[in-house]
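# Secondary and tertiary structure notes
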Amino acid sequence: MTSNADIARVLQELVDLLVLAEGSKQAFRVRAYEKAITAVHTLQRDAAEMSAAELEAVPGIGKSTAAKIREYIDTGEVARITELRKRFPQEMLELTRIPGLGPKTVVMLRDQLGVTSVEQLQQAIADDALQGLPGMGQKSQQKISHAIERLGLHGKDRRTPIAAAMPIAQTVVDALQQIDGVSHVEYAGSLRRFRETIADIDIVVASNAPATVMAAFIGLPLVTEVIGQGETKTSVLTGTGLQIDVRVVRPSQYGAALVYFTGSKQHNIELRQRSIERGLLLNEYGLEESEAGKVVASRTETAIYKALDLPFIAPEMREGIGEIEAAADRSLPRLVEVEDVKGDLHVHSTWSGDGRSPLEDMVRTAAERGLEYIAMTEHGEDLAINGLSREQIAAERVELDRLREEYPQVTILSGSELNIGPDGAVDYDPDFLATFDWCVASVHSQFDLPEARQTDRILAAMDNPAVSAIGHLTGRRIGHRPGIEVNAKAIFEAAVDTGTALEINGHLHRLDVPAELLLLARGIPDLKFVISTDSHHTTEYENIRWGVHNARRGWVESTSVINTRPLSEFLAFVAAKRD
Ligand code: DGT
Ligand code: CA
Ligand code: ZN
């Protein structure tokens, strides 16, 4: 059955195409479909089981959207998208992700210069061809060139952001799990290692009936082209050009296949080396004795690691960066787990301009999820439109008092997400700031300042006793906006000195602090993190698992994460800085 995630993905492609067709992200139709995407994401039923009239009755879904959703469910296609794809090839959509290149400019580049891909744009910049076009100068050329480099959009190693790949992988995994005779399904490859961008999706299936699995796979609505079909491996493309490889293996060989296809390549090479040292041979079918050929392990990953005298190594760590040595001498970090997390310290409600669930819903959901404590962190007053005045904070606190009585199982802290100004100043005044139980301070503006100034502004914010944590450190949106450039070492040091925690933001578009920076922070004593969801809707508390995956990829231990501590210890951390 067509899933709601599938439908949201199709509508997103329509939005991306319409932005080009209409020449603006603010166009009425674009906004309408964007609203519909939010509505589909938060639908409590399967859209596939709803009539056009029922869909139209959902707030946020209009008549024409309802018709398109039905069209997709019934035919697997949307004629309007097919037509727009012809006018605007996939590569052109990519151009709109470059900061500073609006849809009108992208269309102009095609009309004036015949540029329709990132490669062609880079060539045009190299030829100085952009200068002289309306609104373009030497400086904008340089800016665009820099943005292309930093977004990693160039070349054939073009990668898909994890936020786009994950729902697709989950849809495929869920569908394959339903098939008779399938005992295990997992996505492997870079996605399982939780890299923030991926080249293709690798899925491993355990079944003795590969033909059935493959037939179901290529029949999925998200598959638009089959590019390779064999007995045990099939490769397809989705509408956005993302490749998915499915491999079907015998259940008895599942563990070996999962290790192999999870990689990384470097991790595999080191494992194979270790096997050879033990007179063993490791491949995707199993671990066997080199001489006799007898299989010593193959069914589970744990069995394979064990036969190599190693404890299980978490997929997020398998990058060949010292994890095998650490496993061998039993010094693997005790990685943080989802179950360890007791509180969520970055939560918005409709009190914030961009919040999408009412306060009570956010609190009730937190209570239902068994959270011990949460902080409501609406935007500070300096953030245009979305921020809260002191009067609004006071009014929200009246509500909080009532909710504390109604939901005594969860402790509700009154917090704020403050805005770090260009020189490190934050919202409100010191006396008012002191009335919050918890403040996270984030950069929401001036992403272009040089590294030294960005670092200084964050250090200045950390000096503020009311700032208990720095939110989404770099402010990046993976694949869409490069983050600010910072001196990470200096920030880690200041975090320890001032008693400020660093937020690991679990939003799949952010994953911020990035794992590569977390790896640089390994072994710094007393550096503390807080893993938060940055929820703007009740469904987003789920983001905690992405934050945890990202932390694990950065080798973050449970003991370094302050919201794995019981409330009293957590509050002691906040109080220590204020003293
Ligand atoms: P990417 O580029 O995001 O798709 O990253 P991966 O790691 O998913 O790479 P992919 O899809 O080329 O291959 C999936 C896994 O298969 C990889 O992580 C390890 C394994 N693999 C692929 N090629 C080789 C190889 O030449 N040698 C070894 N030892 N393993 C390989
Ligand atoms: Ca892959
Ligand atoms: Zn926030």
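Keep in mind it's a predicted model, so treat the numbers as computed, not measured.

Okay, the coordination of the calcium ion (ligand 2) next. Donor atoms from the polypeptide that coordinate the calcium ion (ligand 2) comprise D200 (O), D200 (OD) and D202 (OD), at 2.2 to 2.7 Å from the metal. The site at the calcium ion (ligand 2) holds 6 donor atoms, and with the angles between them running 67 to 163 degrees, its shape is irregular.

As a structural note, the neighbourhood of ligand 1 is formed by 16 residues, with R159, S190, R193, A199 and D200 the closest of them. Protein contacts shield 72% of the accessible area of ligand 1, which totals 590 Å² for the unbound molecule. When contributions to the shell around ligand 1 are tallied by element, the ones reaching two or more residues are α11 (189–192), β4 (200–207), α13 (254–262) and α14 (265–277). Partitioned by chemical class, the residues of the shell around ligand 1 number 4 nonpolar, 6 polar and 6 charged. Counting the residues that make up the shell around ligand 1, at least three belong to each of domain 3 (160–249) and domain 4 (254–328).

The rolling of a water-molecule-sized probe over the atoms marks out the regions of remaining empty space. Counted as a void, the second largest pocket has a volume near 750 Å³. Lining of the second largest pocket is provided by 32 residues; of these, R150, E196, R476, P514 and E516 occupy positions nearest its centre. Of all the elements in the fold, those that place two or more residues in the lining of the second largest pocket are α9 (138–151), α22 (515–520) and α23 (544–553). Per-element accounting of the lining of the second largest pocket gives the leading share, 4 residues, to α22.

The protein atoms that coordinate the zinc ion (ligand 3) are H346 (NE2), H348 (NE2), E417 (OE) and D534 (OD), at distances of 2.0 to 2.3 Å. The site at the zinc ion (ligand 3) holds 4 donor atoms, and with the angles between them running 81 to 171 degrees, its shape is irregular. Read in sequence order, the donor residues coordinating the zinc ion (ligand 3) give the pattern H-x1-H-x68-E-x116-D. Highlighted residues: H346 in strand β11 (residues 343–347) and E417 in strand β13 (residues 411–419), separated in sequence by 71 residues. Taken individually, H346 and E417 each receive the classification buried, so the pair is uniform in this respect.

Bringing the domain arrangement of the chain into the picture now. Interfaces are often described in size by the accessible area the parts lose on coming together. For the chain, the assigned domains read domain 1 (4–83), domain 2 (91–151), domain 3 (160–249), domain 4 (254–328) and domain 5 (338–578). Its C-alpha centre places domain 3 at a distance of 23 Å from the equivalent point of domain 4. Taken together, both faces of the contact between domain 3 and domain 4 bury some 1,100 Å²; the carbon and sulfur share is 63%. Per-residue buried area on domain 3 facing domain 4 is highest for R192, R193 and V204; these three make up 56% of the total on that side. Counting across the interface, domain 3 meets domain 4 through 2 salt bridges. Between R192 and E301 there is a salt bridge, with its nearest N and O atoms 2.9 Å apart. In this structure, the connection of domain 3 to domain 4 is made through 6 residue pairs in polar contact (both at pLDDT 80 or more). Of all elements in the fold, only β2 (182–187), α11, β4 and β7 (243–249) reach the threshold of two or more residues within the side of domain 3 that touches domain 4. The residue inventory of the side of domain 3 that touches domain 4, partitioned by class, reads 7 nonpolar, 2 polar and 5 charged.

This brings us to helix α18 (residues 390–406). Compared with the 24 Å implied by 1.5 Å per residue over 17 residues, the 25 Å span of α18 between its first and last C-alpha is a close match. Looking at α18, one finds that the buried residues are I393, E396, R397, L400 and L403. Each buried residue of α18 lies within a common arc of 125 degrees when the element is viewed along its axis, so the set occupies one face. Turned more than 90 degrees away from the buried face of α18 sit E391, V398 and E405, all of them exposed. Lining the buried residues of α18 we find α17 (359–368), β12 (373–379), β13 and α19 (430–433).

This next bit is on the sheet that holds strand β8 (residues 280–283). Read from one edge of the open sheet, 3 strands run β8-β9-β10, paired in antiparallel fashion. A single partner strand is all that each edge strand has here, and the edge strands are β8 and β10 (295–297). Here the strands of the sheet are splayed against their neighbours by 35 degrees on average, with no regard to which way each runs. Inspection of the sheet shows strand β9 (residues 286–289) paired to β10 by 2 bridges, in the antiparallel sense. For L287, the partnering residue across the bridge sits in β10 and is A297.

Moving on: the packing of α17 against α18. Where α17 meets α18, the axes come as close as 11 Å, and the angle between the chain directions of the two elements is 35 degrees. Considering the relative orientation of α17 and α18, their crossing is right-handed. Every residue of α18 that contacts α17 at L359, E360 and V363 is listed here: E396, E399, L400, R402, L403 and E406. Residues that form the contact of α17 with α18 fall into these classes: 4 nonpolar, no polar and 5 charged.

The buried charged residue E417 lacks any salt bridge partner; its closest oppositely charged side chain belongs to R510, at an N-O distance of 6.3 Å. Of note is the side chain of E417, whose polar atom sits 3.0 Å from the side chain of H346.

A few words now on helix α2 (residues 28–41). Spanning 14 residues, α2 covers 20 Å between terminal C-alpha atoms, matching the ideal 20 Å at 1.5 Å per step. Residues of α2 that are buried: V30, Y33, A36, I37, A39 and V40. In the core, the buried residues of α2 are packed alongside α1 (4–22) and α4 (63–75).

Attention now moves to the sheet that holds β13. Pairing within the open sheet is parallel, and its 7 strands lie in the order β11-β12-β13-β14-β15-β16-β17. Each edge of the open sheet is held by one strand with a lone partner, namely β11 and β17 (529–532). In the sheet, β11 pairs with β12 via 3 bridges, with the strands oriented parallel. Paired with G343 across the two strands is Y373, which belongs to β12.

On to the pairing of β11, then. Taking burial as the measure, the 5 residues of β11 include 5 buried ones, the bulk of the element. With α17 bridging β11 and the parallel β12, this β-α-β connection has right-handed handedness.

Turning next to the pattern of salt bridges. By the definition in use, this model includes 33 salt bridges. Notably, a salt bridge pairs E22 with R29, separated by 3.0 Å at the nearest N-O pair. The partly exposed category is assigned to R29, whose relative accessible area is 47%. Across the pair D245 and R247 runs a salt bridge whose closest N-O atoms are separated by 4.0 Å. Bridged by salt links that share partners, the residues E186, R192, E301 and R318 form one connected network.

About the cut-offs
- Residues numbered from 1 in each chain as written.
- Chains lettered and ligands numbered in written order.
- Predicted model: local features only at pLDDT ≥ 70, side-chain atom pairs only at ≥ 80, totals over all residues.
- Heavy atoms only, no water.
- Donors = N, O, S within 2.8 Å, 3.2 Å for Na, K, Ca; no water.
- Tetrahedral: all angles 85-135°; square planar, octahedral: opposite > 155°, others 65-115°.
- Near = heavy atom within 4 Å.
- Areas by Shrake-Rupley, 256 points an atom, 1.4 Å probe, with all protein chains shown as cover.
- Helix = DSSP H or I, 4+ residues; strand = E, 2+ residues; numbered from the N terminus.
- Nonpolar A, V, L, I, M, F, W, Y, C, P; charged D, E, K, R; others polar.
- Domains from an automatic or database assignment.
- 1 Å grid on protein atoms, 1.4 Å probe; cavity = no way out; pocket = protein on both sides within 12 Å on 5 of 7 lines; lining within 4 Å.
- Points joined across faces, edges and corners; volume = space filled by probe spheres on them.
- Buried < 20%, exposed > 50% of the residue type's maximum accessible area, 1.4 Å probe, protein only.
- Buried area = accessible area lost by both parts, 1.4 Å probe.
- Salt bridge = Lys/Arg side-chain N within 4 Å of Asp/Glu carboxyl O.
- Polar contact = N/O pair within 3.5 Å; in protein donor to acceptor, adjacent residues only side chain to side chain.
- Expected span 1.5 Å × (residues − 1).
- Arc of directions from axis to C-beta.
- Contact = heavy atoms within 4.5 Å.
- Pairing = 2+ DSSP bridges.
- Axes fitted to C-alpha atoms, helices over the stretch in contact; angles between N-to-C directions.
- Left-handed = near helix turned anticlockwise from the far one by under 90°.
- Lys, Arg positive; Asp, Glu negative; His and termini not counted.
- Right-handed = clockwise from strand over helix to strand, strands pointing away.

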